[in-house]
Structure formats: C-alpha cells, structure tokens
Amino acid sequence: MAKLDILEFPDPRLRLKAEAVETFDADLKRLADDMLETMYAAPGIGLAATQVNLPKQLLVVDVSEAHDSPLVLVNPELREGRGTEVCQEGCLSFPGVYADVQRKEWIRVQARDVTGRSFELEADGMLAVCIQHEMDHLVGKVFVDYLSPLKRSLLLRKLDKQRRHAG
Ligand code: GNR
Ligand code: NI
C-alpha cells in the first residue's frame, strides 16, 4: 500500500472530468487500496481519484467511526435523489476551511465494485452527503462552487491565510 499526494485548490487538475473505468484489474484494486490508505491517513471520510491526479471515475468513502466500513464506487451514477439537507462540508483539497452546502437528503446510486460487479446503493445522512461530494469531484466540481461569490471569496481568503500560517 502507498499513500498518495492530494491535489489542492486551485490546481487545475481538480477541474478535469474523470474517464470511465474500463479495466477491472489488479492495478485498479491497488489504486482503490492506496486511496483508502490516503483517505484514512488524511484523515478524511471520502476521496475521489481526481484528487490524487488520476481522473478516473473511482471514489472511496468510509463514514464509520471505527474506519471499518470502506466503500469503493467505480463509474457511479446517480439514479434517484430526494429531499434536501444542509451539511457543513470540508474537503481535503481545501485543508482547514468549511462551509454549508445543500445536497440531496437521500440518494440511490448505481456503481461497480473493483471487480466490475454492478451494485446499487441507497444512502442518507453523512454517507449520502459524502458520495455526492465525491461524485462532484469526478466531474471537476468542488464544494465552494455552491457558495455565493461573497461566501466563496471569504472562504478562499481564509484558505490563503491558513496556508501562510502553516508555512
Ligand atoms: O473528509 C471529508 N469530510 C467531509 C465532510 C463533510 C462533507 C464532505 C466531506 S468529504 C471530505 C474528504 C474529501 O475532500 N473528499 O473529496
Ligand atoms: Ni473533497
């Protein structure tokens, strides 16, 4: 296993639209494992391949406290969504800043696992929020895109300031 480097805003590679995965081989399995290791180490509850400079339709999530419920979604597609919910979000590509984002409260997603087997997943709560956040990364979208221009510029200033203080 290996820890991968996470791209940070405003890296233009975060804006790439990920390609569908067509080959379900050992390399894909290794990439998913490396992404999980990277996510747990960060620490984070989700990670999209786009964030580690591999613009493929692959994401990992684990919203459990014990870090014992990893999920890998390949070529995920939103099939249904209901309701709305506002949650404070963060992103490993925007370290140290947080903002409220409105998402679907309940979703049904179809995806493949690392072996290529198709499955469906229904999610609500934090899992639904996180999957939607990761699926956005796969189309080059990030959580600050939902903010008003004023809120976004305040948040990006704060990000800059934190980086200066972090050295
Ligand atoms: O670790 C993460 N936490 C989080 C909190 C609220 C909503 C979404 C997330 S995802 C984020 C990890 C990340 O940046 N994934 O792309
Ligand atoms: Ni993110």
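Here we summarise the structure given alongside this text. (Residues numbered from 1 in each chain as written. Chains lettered and ligands numbered in written order. Predicted model: local features only at pLDDT ≥ 70, side-chain atom pairs only at ≥ 80, totals over all residues. Heavy atoms only, no water.)

## A short note on the site of ligand 1
So, step 1. Every one of the 14 residues lining ligand 1 counts as a neighbour, but Ile 45, Gln 51, Leu 92, Glu 134 and His 137 are closest to it.
So, step 2. One of the backbone N or O atoms of Ile 45 is found 3.0 Å from an oxygen atom in ligand 1.
So, step 3. Within the contact set of ligand 1, a nitrogen atom lies 3.2 Å away from a backbone nitrogen or oxygen of Gly 46.
So, step 4. Compared with its free state, where it exposes 380 Å², ligand 1 has 91% of that area covered by protein.
So, step 5. Here ligand 1 occupies the largest pocket.
So, step 6. Every element with two or more residues in the shell around ligand 1 is listed here: strand S3 (71–89) and helix H2 (125–138).
So, step 7. Ranked by the residues each element gives to the shell around ligand 1, the list is headed by H2, at 5 residues. (Near = heavy atom within 4 Å. Polar contact = N/O pair within 3.5 Å; in protein donor to acceptor, adjacent residues only side chain to side chain. Areas by Shrake-Rupley, 256 points an atom, 1.4 Å probe, with all protein chains shown as cover. 1 Å grid on protein atoms, 1.4 Å probe; cavity = no way out; pocket = protein on both sides within 12 Å on 5 of 7 lines; lining within 4 Å. Sits in = over half its atoms within 2 Å of the grid points. Helix = DSSP H or I, 4+ residues; strand = E, 2+ residues; numbered from the N terminus.)

## Section: the pairing of S3
So, step 1. Two strands pair when backbone bridges link them, and strand S2 (residues 58–61) and S3 are joined in this way by 4 bridges, in the antiparallel orientation. Residue pairing across strands places Leu 59 opposite Leu 73, the latter belonging to S3.
So, step 2. With 12 bridges connecting them, S3 and strand S4 (residues 99–112) associate as antiparallel partners. If you follow Val 74 over to S4, its bridge partner there is Arg 112. (Pairing = 2+ DSSP bridges.)

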